[in-house]
Structure formats: structure tokens, C-alpha cells
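Survey of secondary and tertiary structure
Now for the letters of each chain:
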Amino acid sequence: MTAAPESGPRPFTAPTARHRTRFFDHRIPSLYAGRYVINNRQVLKDVDGEDHEIEATPQPFDVIEPRFSIDPAGINARFPVPDAKGAYGLILPHINLDAPGLPWNRPLGAGHEEAVPWMALLLFREGELPEDPDACGLVVLGSVRELLASDRPLGPGEPPALPEESLRDDENEERCATVLVPAALFDQVKPLPVEMGYLAHVREGGPPDATMAAVEPAPDEEQLNAIVVANRFPSAVGGRHVVHLVSLEGFDQYLNAPAPAAGVRLVSLTSWSFTSEPDSGIGFGDLAQYLATTDGKTPRDAEELRLRLPVSAPASPSDHQREALDRMAGGAVALPQRLETGERTVAFHRGPLTARPARELPKPAATRLESSGEALIYLEKYGVFDTAYAAAFTAGRTLALADAEFRSALLEFRSTARSAVRRLASHPELAGRAVAARQLTAPLSFEAFDRLLLDGDGTRFARAVNQAGPQLRAGLHRTATARRPRTVSGVRALLSQPSVATLLTQAAGDEFRTVTDWLDRLRRLEMLGFEHLVPDSRMLPAESIRFAYVDPCWVRAAVDGALSIGVGHALDADLNQLATTGGPVPACAVLIRSDLVPNWPQAIVTAYADTTVIEPLRSTVYGTDIRLLLYPQVIDRFELAEPPRGICFGIGEVGTLQLRRISGDRIGYPVEGAAGEFPPENSFDRFDRFRRFLRPNDPDNPTDPDVLNVYGPGDPLVPALSQAHDVQQLSSAQFALQMINAPQAQTFSYRP
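The model shown is predicted, which means the values in this text are computed figures rather than measured ones. (Residues numbered from 1 in each chain as written. Predicted model: local features only at pLDDT ≥ 70, side-chain atom pairs only at ≥ 80, totals over all residues. Heavy atoms only, no water.)

1. Some points on the overall build of the protein chain
- Counting secondary structure elements, the protein chain contains 20 helices and 33 strands.
- Within the span of the protein chain, comprising 752 residues, buried residues form 47% of the whole.
- Counting every atom, the protein chain has about 37300 Å² of accessible surface; 53% of that belongs to carbon and sulfur. (Helix = DSSP H or I, 4+ residues; strand = E, 2+ residues; numbered from the N terminus. Buried < 20%, exposed > 50% of the residue type's maximum accessible area, 1.4 Å probe, protein only. Areas by Shrake-Rupley, 256 points an atom, 1.4 Å probe, with all protein chains shown as cover.)

2. Comments concerning the nonpolar core
- Leu353, Phe406, Val515, Trp518, Leu519, Leu533 and Leu591 are the most contacted members of the largest nonpolar core, which has 56 residues in total.
- One finds Ile70, Leu123, Leu167 and Val202 within the second-largest nonpolar core, a separate group that totals 34 residues. (Core = buried A, V, L, I, M, F, W, Y, C linked by side-chain atoms within 4.5 Å.)

3. Considerations on empty space enclosed by the protein
- In this structure the tally under the stated criterion is two cavities of 30 Å³ or more.
- Roughly 70 Å³ of volume is contained in the largest cavity.
- Around the largest cavity, the lining residues are Leu92, Tyr198, Leu199, Ala200, His201, Val229, Phe649, Leu708, Phe735, Ala736 and Met739.
- Each residue belonging to the lining of the largest cavity can be placed in one class, and the counts come to ten nonpolar, one polar and no charged.
- The space that makes up the second largest cavity amounts to roughly 40 Å³.
- Residue lining of the second largest cavity: Arg67, Phe68, Pro160, Leu162, Ser247, Glu249, Phe251 and Val267, and that is the complete set.
- A class-by-class count of the residues in the lining of the second largest cavity yields five nonpolar, one polar and two charged. (1 Å grid on protein atoms, 1.4 Å probe; cavity = no way out; pocket = protein on both sides within 12 Å on 5 of 7 lines; lining within 4 Å. Points joined across faces, edges and corners; volume = space filled by probe spheres on them. Nonpolar A, V, L, I, M, F, W, Y, C, P; charged D, E, K, R; others polar.)

4. A word on the sheet that holds strand β24 (residues 588-593)
- With respect to topology, five strands assemble into an open sheet ordered β20-β23-β24-β28-β27, the strand pairing being antiparallel. Edge positions in the sheet fall to β20 (353-354) and β27 (618-622), since each has one partner strand and no second.
- Sheet topology note: the β24/strand β28 (residues 626-631) ladder contains six bridges and is antiparallel. In the sheet register, isoleucine 592 faces β28, and the bridge partner there is arginine 627. (Pairing = 2+ DSSP bridges.)

5. Quick word on the pattern of salt bridges
- Summed over all chains, the structure comprises 33 salt bridges.
- Glutamate 304 is paired through a salt bridge with arginine 300; the nearest N and O atoms lie 3.0 Å apart.
- Judged by its relative accessible area of 32%, glutamate 304 is partly exposed.
- Here aspartate 560 and arginine 556 are joined by a salt bridge, their closest N and O atoms 3.2 Å apart. (Salt bridge = Lys/Arg side-chain N within 4 Å of Asp/Glu carboxyl O.)

6. Quick look at the packing of aromatic side chains
- Scanning all chains against the criterion turns up 16 aromatic pairs.
- Plain terms: the ring middles of phenylalanine 678 and phenylalanine 693 are 5.6 Å apart, the flat faces sit at 20 degrees to each other, and that makes the pair stacked. Of this pair, phenylalanine 678 sits in strand β32 (residues 677-678) while phenylalanine 693 sits in the loop between β32 and α19 (717-724), placing them 15 residues apart in sequence. Like phenylalanine 678, the residue phenylalanine 693 is buried in the burial classification.
- Among the aromatic residues, ring-to-ring pairing joins Phe233, Phe678, Phe690 and Phe693 into one connected group.
- In this structure, arginine 106 packs its charged tip against the face of tryptophan 118, placed 5.4 Å from the ring centre. (Phe/Tyr/Trp six-rings, centres within 6.5 Å; stacked < 30°, edge-to-face > 60°. Lys NZ or Arg CZ within 6 Å of the ring centre and 35° of its normal.)

7. A closer look at the environment of glycine 89
- The residue glycine 89 is located in the loop between β8 (85-86) and β9 (91-92) in this model.
- Judged by relative accessible area, which is 13%, glycine 89 ranks as buried.
- It is 7.9 Å that separates the C-alpha atoms of glycine 89 and glutamate 277, two residues lying 188 residues apart in sequence.

8. Brief notes about helix α5 (residues 284-292)
- Of all the nine residues making up α5, seven are buried; the element is thus mostly covered by neighbouring parts of the structure.
- Taken together, the buried positions of α5 are occupied by Phe284, Gly285, Leu287, Ala288, Gln289, Leu291 and Ala292.

9. What about the confidence of the model for the protein chain?
- Across the protein chain, the average pLDDT comes to 83, with 82% of residues at or above 70.
- Note that pLDDT drops below 50 for residues 1-17; the model gives that stretch 65 contacts with residues more than four away or on any other chain.
- Low pLDDT, under 50, characterises residues 480-488; the predicted model gives this stretch seven contacts beyond four residues in sequence or across chains. (pLDDT = per-residue confidence, 0-100. Contact = heavy atoms within 4.5 Å.)

10. Looking at a nonpolar patch on the surface
- Taken together, the side chains of Leu31, Ile38 and Phe61 make up a nonpolar region of the molecular surface, amounting to roughly 230 Å² of accessible area.
- Inspection of the secondary structure assignment puts phenylalanine 61 in strand β6 (residues 59-63). (Patch = residues over 30% accessible without salt bridge, like charges linked within 9 Å, V, L, I, M, F, W, Y side chains within 5 Å.)

11. Digging into the side chain of arginine 22
- Mapped onto the fold, arginine 22 is located in strand β2 (residues 19-24).
- Arginine 22 sits in the buried class, given a relative accessible area of 14%.
- Looking at arginine 22, its side chain comes within polar contact range of the side chain of glutamate 204, at 2.6 Å. (Polar contact = N/O pair within 3.5 Å; in protein donor to acceptor, adjacent residues only side chain to side chain.)

12. Let's talk about helix α14 (residues 510-523)
- If you check α14, its first and last C-alpha atoms are 20 Å apart, about what 14 residues at 1.5 Å a residue would give, namely 20 Å.
- Leucine 525 occupies a position one or two residues after α14 and carries a positive phi of about 60 degrees. (Expected span 1.5 Å × (residues − 1).)

13. A look at the pairing of strand β13 (residues 175-181)
- Burial runs high along β13: six of the seven residues are buried.
- Note: strand β12 (residues 140-143) against β13, four bridges, orientation antiparallel. Note that in β13 the partner of leucine 141 across the bridge is alanine 177.
- The pairing of β13 with strand β17 (residues 264-276) spans five bridges and is classified as antiparallel. In the sheet register, threonine 178 faces β17, and the bridge partner there is valine 267.

14. Examining the environment of isoleucine 227
- Structurally, isoleucine 227 is set in strand β15 (residues 224-229).
- For the pair isoleucine 227 and leucine 102, spaced 125 residues apart in sequence, the C-alpha separation works out to 9.7 Å.
- With near-sequence residues (within four places) excluded, isoleucine 227 lies in contact with His94, Ile95, Asn96, Leu199, Ala200, His201, Arg203 and Phe649.

15. Thoughts on the packing of α14 against helix α16 (residues 552-563)
- Their axes nearest at 10 Å, the elements α14 and α16 cross at an angle of 145 degrees. The two elements α14 and α16 cross, and the hand of that crossing is right-handed. In contact with Val515, Trp518, Leu519, Leu522 and Arg523 of α14, α16 contributes Val555, Ala558, Val559, Ala562 and Leu563.
- Here the contact of α14 with α16 is composed, by residue class, of nine nonpolar, no polar and one charged. (Axes fitted to C-alpha atoms, helices over the stretch in contact; angles between N-to-C directions. Left-handed = near helix turned anticlockwise from the far one by under 90°.)

16. Details of unusual backbone geometry
- The omega torsion of the bond from phenylalanine 79 to proline 80 falls at -5 degrees, within 30 degrees of zero and hence cis.
- Along the chain, the position of proline 80 falls in the loop between β7 (75-79) and β8.
- Geometrically, the link from phenylalanine 678 to proline 679 is a cis peptide bond, its omega value of -10 degrees lying close to zero.
- Mapped onto the elements, proline 679 comes out in the loop between β32 and α19.
- Even without being glycine, glutamate 543 reaches a positive phi, approximately 55 degrees.
- Note that glutamate 543 resides in the loop between α15 (530-533) and β23 (544-550).

17. Some points on the packing of helix α7 (residues 388-402) against α16
- Where α7 meets α16, the axes come as close as 6 Å, and the angle between the chain directions of the two elements is 40 degrees. By the criterion of interaxial angle, the relationship of α7 to α16 is oblique. For the crossing formed where α7 meets α16, the hand is right-handed. Contacts from Ala388, Tyr389, Ala392, Phe393, Gly396, Arg397 and Ala400 in α7 reach Cys553, Trp554, Ala557, Ala558, Asp560, Gly561 and Ala562 in α16.
- Along the lines of polarity and charge, the residues of the contact of α7 with α16 split into ten nonpolar, two polar and two charged. (Parallel < 35°, antiparallel > 145°, perpendicular 65-115°, else oblique.)

Take a look at the structure:
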């Protein structure tokens, strides 16, 4: 396989089945949650024209929605997932709620726009919350009555200012979880009301092949969810973090003003914790791009991506040097060899993986191999050997000898098949009939007795017993029939018949399946050590990807070696042929040696032949950082993609956002080229390019800024994104599209 990358990380290849995912700004209820009274009166007109007013009894009613806690069953997803570990320094945590209108089902407070939600997602680090210093999710439990009591039985911190008349009697006894947030910390992380609308939206996730009409259909109510996003990034140096979905109802007066000195006691509707690992400065996109490019933009030469030893050729090579270079270009290496005569020389050696399609073997070596010496290829002109196929034969034979179960099954299979083929040679009429395996393998006396018992429902057996005594007294003896002669040519002629081969494999039963299953594993190179696949580690250096062909003749030589054990005569060798028609032999291989292997074990690999996805025959990991993939046919495109995390929000590994279209018929698709990178390139330092959109450091907090300035003082993000899209102002749904942190992918394409 020769391959060359297309520069730069690329999005996923468009899937065959299309999903409809739409973002909406909010879901405003027709009537907010709360307590209401219906006052009505009737006016009756008397016959004299005078009006008489009749006052009706006021009718109170409540619109009940979650207020101090939410049902855990109503949480669709959280990211990062609870107790997760990973490099999350560039993402904004979020929560997905089943009820699409939950964040907007009650007003935040008087004077705020209706699109401002009453809840927010706040992120805290270790050592920040006095009641939860380890960021494990500890909360203080109590009743709503205790939360609002003036003597603060739940602990210090200003409780929410909720009008007493807004509470139902049963709400006062409702249990709730609370968390104390110090004043300075609350002022640091609290979202402004104008920002809260941008940190929540409604999402519709349609099923595969959902309607993609030109005129968008109405939202599917069953597919709607509310999303609330945090405004703070986890620590870049790692550590434990806790996320609280808090109610800000009753705290709206502190969102635009400093918090009270005692701090605030927030109602935690739900919470979870996770661990962010230190940011090494190298992410999935960096490593994948390094595999494909030399400087992040220039694709590596296609020849460099072949599995072979890098060799510098002289300017004017001789014929001998040219032959050596040509073999090494195909994937061979030169190794010391000691001949049976004791002489020491050099031989060419390689495993089953080649940088070029393997040469076709000359006759008669293309037939069944019976020894490793027969598999040696002598280059008479240069006086050296090519030991590739001899090594394959020896490897297969060694593996077979080391596996007691396979040895036993192979010998038993041959023994059973020998008995069966001899029975067929003596009774050729059986070959054309449907016979049971026992008829081919059981002793003839057993078979005759079985027929005696079964024929005529036992009458033949009874007759034989009744006649046995008189016949013995009369001295009568059964005359033996002449046995048909068996010849080697006759047996081999039988073996060449497909129907006979099927009968023999059925007669061998479990032993034959054990043999063929083992040989299929050998064809998939499962039992071979890595040194057989890559004879020199320099062929696969650290942080590299290599493509290779699989030599089917090498695999066949290994199979012949495995079947060579215990061969006593020509019939055994002929019976081996029954086991050589197993599963497919891989056609090509991809080898990846990179930190991508241990650090992203769930990375998605996709191979294509034209537009068809090719599933691997085998995928395995050697050691800790080497991954091997084998495919049944030669592929022309290979894609290495970051594991999907669902839709999450944040910035890319180089401190940028990928702008997405907000109008036209390709809404949500990335903007191509340099215009799609935001902010424009002005620094190579990670995160520095985005630092301008973070809130300035608090004088009392020396840590790096980590709270997103969505729409506050200074240099807010929303106006800058609006300017990049040349619109007056983004909506919350459009803002969410821009903040999507999509997985990255790297594509390698065949270039003849």
C-alpha cells in the first residue's frame, strides 16, 4: 500500500445515514411555573338597565415545575461523564436534560428578559469550595424551610431571596442539596444575565435518515432536549473538578453586583465530579498530523509511508547494489546467515508484510512445501539466499509443535480421514450416497451389527439368532467375500472428488474444525511475534504510520509448515490439502506506532476501497504503542479519527474555534479554509490565541484566567464571532454551533 496524507486534520467522512440535529435558542413556556389566582366577576343587567356585579370566589391554581431538585431520570447525558479521567482542559462541561423547557420554566427575576434561564452550570476546582475541598461533590442537605430560615441551620452563606408567598406548603418541607460558594469565587465564576441566555439552548437530535426537507419541518417533540453549558474551563494542569447545576432564582440581584461578604448558599439541582489530566501540550490532532506531515502542512512522501528500512542509495549503484536496494525497497532486510556447511554469509529476510506486492514464486516452489530447505530461494548471480519463505515454513512448524491441542487435533483428523478414505476406496458405492460419518469410521463388524439390529425392525436379527444354532450344528460357515484392492492412485483420485472431500471433513468432525480454526488464526498472523512482522525496528520508528501488502505465499508457506508435523506418508500429505482451504488471507496491513495507541485506545479507524468501507480482518495492539490492522483487500484511503464524544463544547487544541455556517443550505457545516479558523492566526502558543476572550485575572487570584467572557466587559466572544460571520448578533443557537468541539480526523489517500 502506498499512501500519502491530505494535509491537516479533516472532519469525519460523511456517513451514509444522515441524522438531523438542530439547535434552537430557547423554549419559553406560555405560563411560567408559580402560584396564580383567577379572579373573575359577572355583570348582570337589570330590566331597568342597571348593572349588577357579582363577585366570584377567587380560584387559585399552581403551575408546578421542578424548583429545588430535579429527577435524576430526567438527565439525558453529562460531559465529562461522572468520574471520568481525561485531558479536558479545553472543553466546557455541559448537561443534557430531557425536559426541553426546564431552564426557562420560571423567570430569573423581575427586569430580566424572558430568554434568560433561571439555572446555570458552575465548575469548581479542588480547594475552592469550603464544604467540598476535594471536589468530590459533597453537599449540605436540608429542607427548603431550613435553607430559608434566618438562623442559617444549613450553615453560612446568603440563601436565595424567595418571596414567601411563592412557596407552596409542601415545598417548604421538600429536601434540597446546597453548596456554599465564597463571595470572591462566586463573583469570579458567575455568568452575567446577558450571558446566561447564550449558555443554554434546545437541541433536536433526529434519528438516522430523518427528514431533510428544504422547508424544515416542525421540531420533533420527542427528540428535544435542553442543554446547559458551563462558562469555565477545567484547569490546564489537571486535578479534580466538581460541576453543579445550580438555581440562581433569588440571586439575580448579585449577578450584576458583588456577592455578599458571607458568600452565597446555592441550591444544587444535581452535581458530578471528574478528573482532568494535565495537558501535555500534544493532543490527538497534533499526533495525527505529525504522522501525516513533516511540518504540519507538508505531506510526508508516499515512499516514506511504506513499511521498509530507510536506506540511502549511492549516486551510481552497481548491479549488486541495485539488486540489494531493490529487495530492501520491497521490505527485506539483510541479516547474517550460517549455512549448513558452516560457512557464514548474508541473506535477505522479510516477514509477511512487504512494501511492494510480492513477486510470484517460480515453479515448482509454488506447490506444497514439505521442508524449509525447499523454500529457500538461491540468488545464483549474487551467491546469497532469500530466506523469507523458509523462515515462514519454520515459523508455522514451530508454532504447531508448541501447541499440544493443535498437534493432537491434526493427528486425530488425519487418522480419522485415513480410515474414511480407505473405507470409500473399498466401498466406492458409498461415495455417491448420503452416509453418516460413523459408517466411514466405525469398524465394519460394528456397522454390520447395526444393520442387523435395524433392518426389518429387528426381524432380521431375530431370524439370525434362531438360525445360528442349527447352522453351527450343521457345520455351516459364511464364505468371506473378496476384498477390493486399494491403490495409491485410487485413493488420490477419490481425494480429488469434492463430494469425497466433504465426506472426509464431516467424518473428522470437531478435530477438523479445531485444525482449520487454528490455521485461520495463522492466516491472520495472530500467533506470530512482532519480530516476524517487522524484522527491524527501524522500519517502524516512534510516531510513525506504515502501510504494507501481505504476501499470500509467505502465509501459505507458514500453513504448510504447520501441517508438516507428523506426516508419515504421502496420504497424510494429501489429506493436509483438505485443511488448506480456510478463511481469507489479508491483502494489506496498516501499522501505527504512536502515543495515539495508548492514549486514545478508542480512536476510530476507517478504511475505504473507492467509496466502500472495508472492515478489518484483525485489529490488535503489540506492547503499548503499536497497533496492527489487517484488511481483506487493498485499501486506497485510511482515516484515523479522534474517538467520538457526542457533541461537546470548547476550543481546539491550538487555541481556535472552527467556524460553522449559520445560513444557507449547509447550516452547521465547517467554514472551509483559513476563513474557518477563529481567531485568525497570530500566535503559536496554545490557548494564547483565545486568551483575549477570557475574563481578566482577579487581583486576589493569581491563576490563569479560565472563565469565558461570553458577553461581559472587555473583549467578549459573542460580538467577535458575530463580526466574523458578518451579522449584527448571533443567537444562542448560533453561538452553540460555533462552540462545538468536533473530533479531529486525519486522512491518508492512495496516490499512484
